[in-house]
Amino acid sequence: MERVLGLAAGTLGLLILLKLIRRLRRQQNLQDKVVVITGASSGLGKECARVFHAAGARLILCGRDQKRLQEVSDELRSNSNGKTQTHTPCTVTFDLSNTSLVSSAAEEILRCHGHVDVLINNAGISYRGHILDTHISIQRNVMETNYFGPVALTQAILPSMVERRKGHIAVISSVQGKISIPYRSAYSASKHATQAYFDCLRAEVDRFGLEVSVISPGYIRTNLSVNAVTGDGARYGVMDKTTATGSDPAEVANTVLKAVCQKQKDVTLAGMLPTAAIYLRTLCPELFFRLMASRALKEQRPKQE
Ligand SMILES: NC(=O)c1ccc[n+]([C@@H]2O[C@H](COP(=O)([O-])OP(=O)(O)OC[C@H]3O[C@@H](n4cnc5c(N)ncnc54)[C@H](OP(=O)(O)O)[C@@H]3O)[C@@H](O)[C@H]2O)c1
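- As named in an unreviewed UniProt entry, the protein chain is Dehydrogenase/reductase SDR family member 7B, taken from Danionella cerebrum.
- Listed in UniProt under the heading Sequence similarities (unreviewed entry), the comment for the protein chain reads: "Belongs to the short-chain dehydrogenases/reductases (SDR) family."

In structure tokens:
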């Protein structure tokens, strides 16, 4: 009995030690590192700002609304825990959907600390609508925000990373970057394009020692569906049940932090059903297409009758 108890205590001690070492390593990894987060004003981006700030990173928070970014920055400063040496974040305001503005924003980002260690392409917008009711300008607009914006920012920051032979680019894609579901065409297309671009990038910059992580979460409890755009450009304005019951954004932010610290190349953060659907799409596409067609019928939107 004594030996069993001793063994259990030893194992527990070892586990605690491993956890401490892991936490220390994360902090060492990120202490003083320059981390850019787009879409830092809300949702997952804001939670990423919290965890990277707590790990001692020098943050550059990006978004379209200076006031909201400043509020996030003020909140981080007031919540500093004292255990880690933290830094006051910088803020850079720009609209990712206007790619002509992105290179000057990148210059401003690079002026903050002279370089970027980690770029987290998080900002994004969702979409709800039937393809028949969706103007091409909406398809283009979602693509500008979710695909061309992050691509333009990445390409503007990339040369400085290549020159230093150092840097990590992470992008928040989605399970919908791996499978397409009905009434999400613009969003799903933009996330599939994101997955493809960053997979190519990873291969091309490997020889310079740069890292690329694509993180594909399932539903997260944020305002993404409320802020989604519809086929005629109006705001969707509804908190979908799937989003409301999604993962805690703080947990997803910790997964992003882990992906960066452990240099993970491709992370899918999904439950059993979406994971099975991803496999089904590859292994048995006919069945997957049939299931999606019946889902489309079930979720039929009013205008298409
Ligand atoms: N929530 C989910 O269920 C879910 C699931 C999988 C993946 N994701 C992905 O997670 C990422 C973060 O989304 P979220 O869930 O946190 O949604 P969110 O709360 O709506 O946040 C979106 C962020 O993107 C920024 N943004 C939107 N359009 C922009 C533009 N044109 N230029 C610059 N910034 C812009 C917004 O900032 P401002 O409005 O202040 O500019 C906001 O900070 C997105 O890439 C999304 O696709 C979300």
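## Some words on the packing of helix H2 (residues 43–54) against helix H8 (residues 249–261)
Argument step 1. Between H2 and H8, whose axes approach to 8 Å, the crossing angle comes to 60°. By the angle between their directions, the pair H2 and H8 is classed as oblique. Seen along the crossing, H2 lies across H8 with a hand that is right-handed. In this structure, H2 contributes Gly43, Leu44, Glu47, Cys48, Arg50, Val51 and Phe52 to the contact, and H8 contributes Pro249, Ala250, Val252, Ala253, Asn254, Val256 and Leu257.
Argument step 2. Among the residues forming the contact of H2 with H8, the class breakdown is ten nonpolar, two polar and two charged.

## Points about the site of the ligand
Argument step 1. Taken together, 30 residues sit near the ligand, with Gly39, Gly43, Arg64, Gly124 and Thr222 positioned nearest.
Argument step 2. Residues belonging to the shell around the ligand are distributed by class as follows: nine nonpolar, 17 polar and four charged.

## Looking at the packing of helix H4 (residues 99–113) against helix H5 (residues 136–164)
Argument step 1. Put simply, H4 and H5 touch, their axes get as near as 9 Å, and they point 40° apart. The orientation of H4 relative to H5 falls into the category oblique. Remark: the crossing between H4 and H5 carries right-handed chirality. Residues Thr99, Val102, Ser103, Ala106, Ile109 and Leu110 of H4 touch H5, and the partners they reach there are Glu144, Phe148, Gly149, Ala152, Leu153, Ala156, Ile157 and Ser160.

## A closer look at the sheet that holds strand E6 (residues 168–172)
Argument step 1. Taken together, the seven strands give an open sheet; going across it, the order is E3-E2-E1-E4-E6-E7-E9, and neighbouring strands pair in parallel fashion. Of all strands in the sheet, those bounded by a partner on one side alone are strand E3 (90–93) and strand E9 (266–269). Here the average twist between neighbouring strands, direction ignored, is 15°.
Argument step 2. Packed onto the sheet, H4 meets strand E1 (34–38), strand E2 (58–63) and E3 and runs at close to 170° relative to E3.
Argument step 3. Packing of H8 onto the sheet brings it into contact with strand E4 (118–121), E6, strand E7 (211–217) and E9, and relative to E7 it is tilted by some 155°.

## Focus: H8
Argument step 1. With 13 residues, H8 should reach 18 Å at 1.5 Å per residue; the first-to-last C-alpha distance of 18 Å fits that figure.
Argument step 2. Note on H8: the residue one or two positions beyond its end, Lys263, has a positive phi of about 50°.

## Describing the pairing of E7
Argument step 1. When you tally the buried positions in E7, you get six out of seven residues, the bulk of the element.
Argument step 2. Bridging between E6 and E7 involves five bridges; their strand directions are parallel. Its bridge partner being in E7, Ile172 is matched across the sheet by Ile215.
Argument step 3. With helix H6 (residues 185–205) bridging E6 and the parallel E7, this β-α-β connection has right-handed handedness.
Argument step 4. In this sheet, E9 lies alongside E7 in parallel orientation, the contact comprising four bridges. Residue pairing for E9: Ser216 is matched across the bridge by Thr268.

## With respect to helix H9 (residues 272–283)
Argument step 1. An ideal rise of 1.5 Å per residue puts 16 Å on twelve residues; H9 measures up with 16 Å between its terminal C-alpha atoms.
Argument step 2. Burial of H9 is sparse: only zero of the twelve residues sit out of reach of the surface.

## Side note on the environment of Val214
Argument step 1. Looking at the secondary structure, you find Val214 in strand E7.
Argument step 2. Take Val214: there are 27 C-beta atoms within 10 Å of it, and that puts it in the buried class.
Argument step 3. Sequence separation between Val214 and Gln195 is 19 residues; the distance between their C-alpha atoms is 6.8 Å.
Argument step 4. Not counting the four nearest positions on each side in its chain, Val214 is found in contact with Val171, Ser173, Gln195, Phe198, Asp199 and Asp266.

Cut-offs used in this document
Residues numbered from 1 in each chain as written. Predicted model: local features only at pLDDT ≥ 70, side-chain atom pairs only at ≥ 80, totals over all residues. UniProt positions renumbered as here; feature names shortened; annotations may be inferred. Axes fitted to C-alpha atoms, helices over the stretch in contact; angles between N-to-C directions. Helix = DSSP H or I, 4+ residues; strand = E, 2+ residues; numbered from the N terminus. Parallel < 35°, antiparallel > 145°, perpendicular 65-115°, else oblique. Left-handed = near helix turned anticlockwise from the far one by under 90°. Contact = placed C-beta atoms within 7 Å. Nonpolar A, V, L, I, M, F, W, Y, C, P; charged D, E, K, R; others polar. Near = placed C-beta within 6 Å. Pairing = 2+ DSSP bridges. Expected span 1.5 Å × (residues − 1). Buried ≥ 20, exposed ≤ 12 C-beta atoms within 10 Å, placed from the backbone. Right-handed = clockwise from strand over helix to strand, strands pointing away.

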